[in-house]
Amino acid sequence: NKEAKKPIVITNKNIKLEEEIFGLAAKKEEDSHASCVTINESIIHDGIKLLAYTRNKVDRFTGGVVDSALFDEMPYYQGKVKLGLELKITDKEKESWKIGLIKMAIQDIGNGIQPVGGDANIGRGILEFSSDFIVEDEYSKALAKKIGGK
């Protein structure tokens, strides 16, 4: 029996960690900055390709079905994927908390809590680690310090 995994929740209203890591598109260009995270495309290997099945096309604005619009899909299941992620930091000592936060996000992805890619609403993009992933380390401690923890 696997113990249910719970997402990691970080709350601190005074610090906008997501803006520091994933960038900000502000109204004033000088207040904007790019993300320091790059995630590469990944290919599923050794998956099971199921038969094609037909689905209705959904209007992404209304959520309703588009009349006379059908499409076929052939998804892969139970494959293996290697995620490529790059985190750009300029000062490891001051920005090590970013590594801790990204590791926590990866943990949520690998535990199937946060799906990746499209079609998450129909159960796709759920990943599971093939080996243990260690989160509690110096970077996690730096993150806790950044958000005011111990």
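Located above this text is the structure these notes cover.
Residues numbered from 1 in each chain as written. Predicted model: local features only at pLDDT ≥ 70, side-chain atom pairs only at ≥ 80, totals over all residues. Heavy atoms only, no water.

(A) Structural detail: the overall build of the chain. In terms of regular secondary structure, the chain is built from 3 helices and 6 strands. When the helices and strands of the chain are listed from N to C terminus, the series reads α-β-β-β-β-β-β-α-α. A separation threshold of at least 6 residues defines the contact pool for the chain, and within that pool the share at least 24 residues apart is 60%. Accessible surface, the chain as shown: approximately 12,000 Å² in total, 51% of it carbon and sulfur. (Helix = DSSP H or I, 4+ residues; strand = E, 2+ residues; numbered from the N terminus. Contact = heavy atoms within 4.5 Å. Areas by Shrake-Rupley, 256 points an atom, 1.4 Å probe, with all protein chains shown as cover.)

(B) Highlighting a nonpolar patch on the surface. A contiguous nonpolar patch, built from Ile44, Tyr76, Val81 and Leu83 and spanning about 340 Å² of accessible area, is present on the exposed surface. In this fold, Leu83 is placed in the loop between β5 (76–77) and β6 (85–87). (Patch = residues over 30% accessible without salt bridge, like charges linked within 9 Å, V, L, I, M, F, W, Y side chains within 5 Å. Salt bridge = Lys/Arg side-chain N within 4 Å of Asp/Glu carboxyl O.)

(C) Broad picture of the nonpolar core. Leu17, Ile21, Cys36, Val37, Trp97, Leu101, Ile102, Met104, Ala142 and Leu143 form the largest nonpolar core, which has 10 residues in total. Sorting the residues of this core by element identifies α1 (17–22), α2 (92–110) and α3 (138–146) as the ones contributing at least two each. Here this core gets 4 residues from one element, more than from any other, and that element is α2. Excluding residues within four positions of it along the chain, Val37 makes contact with Ile21, Phe22, Leu85, Glu86, Leu87 and Ile102. (Core = buried A, V, L, I, M, F, W, Y, C linked by side-chain atoms within 4.5 Å. Buried < 20%, exposed > 50% of the residue type's maximum accessible area, 1.4 Å probe, protein only.)

(D) Geometry of the environment of Trp97. Looking at the secondary structure, you find Trp97 in helix α2. Considering only alpha carbons, one finds Trp97 and Leu143, 46 residues apart in sequence, at a separation of 3.9 Å.

(E) Spotlight on the side chain of Ser96. Looking at the secondary structure, you find Ser96 in helix α2. Assessed through its relative accessible area of 11%, Ser96 is described here as buried. Beyond its immediate chain neighbours, meaning those up to four positions away, Ser96 contacts Tyr139 and Ala142.

(F) The pattern of salt bridges, seen in detail. This structure, assessed with the given rule, holds 2 salt bridges. One salt bridge connects Arg55 with Glu73, and the closest N-O pair in it is separated by 2.9 Å. Residue Arg55 is located in strand β3 (residues 53–58), and its partner Glu73 is located in strand β4 (residues 65–73); the two are separated by 18 residues in the primary sequence. The shortest N-O distance in the salt bridge between Glu95 and Lys98 comes to 2.8 Å. Of this pair, Glu95 and Lys98 both sit in helix α2, separated by 3 residues, roughly a single helical turn. Across the pair, Lys98 and Glu95 agree in class, each one buried.

(G) Representation of unusual backbone geometry in the model. Within the chain, Asp46 stands out as a residue other than glycine whose phi angle is a positive 60 degrees. Along the chain, Asp46 falls in the loop between β1 (37–39) and β2 (48–49). Residue classification places Asp46 among the exposed residues on the basis of a relative accessible area of 66%. Residue Ser68 is not a glycine yet carries a positive backbone phi of 55 degrees. If you trace the backbone, Ser68 turns up in strand β4.

(H) Expanded view of the pairing of β3. As judged from the 5 bridges shared by β3 and β4, these two strands associate in the antiparallel manner. By the bridge assignment, Arg55 is partnered in β4 with Phe71. From the end of β3 to the start of β4, which pair antiparallel, there are 6 residues, and Gly63 there has a positive phi angle of about 80 degrees. (Pairing = 2+ DSSP bridges.)

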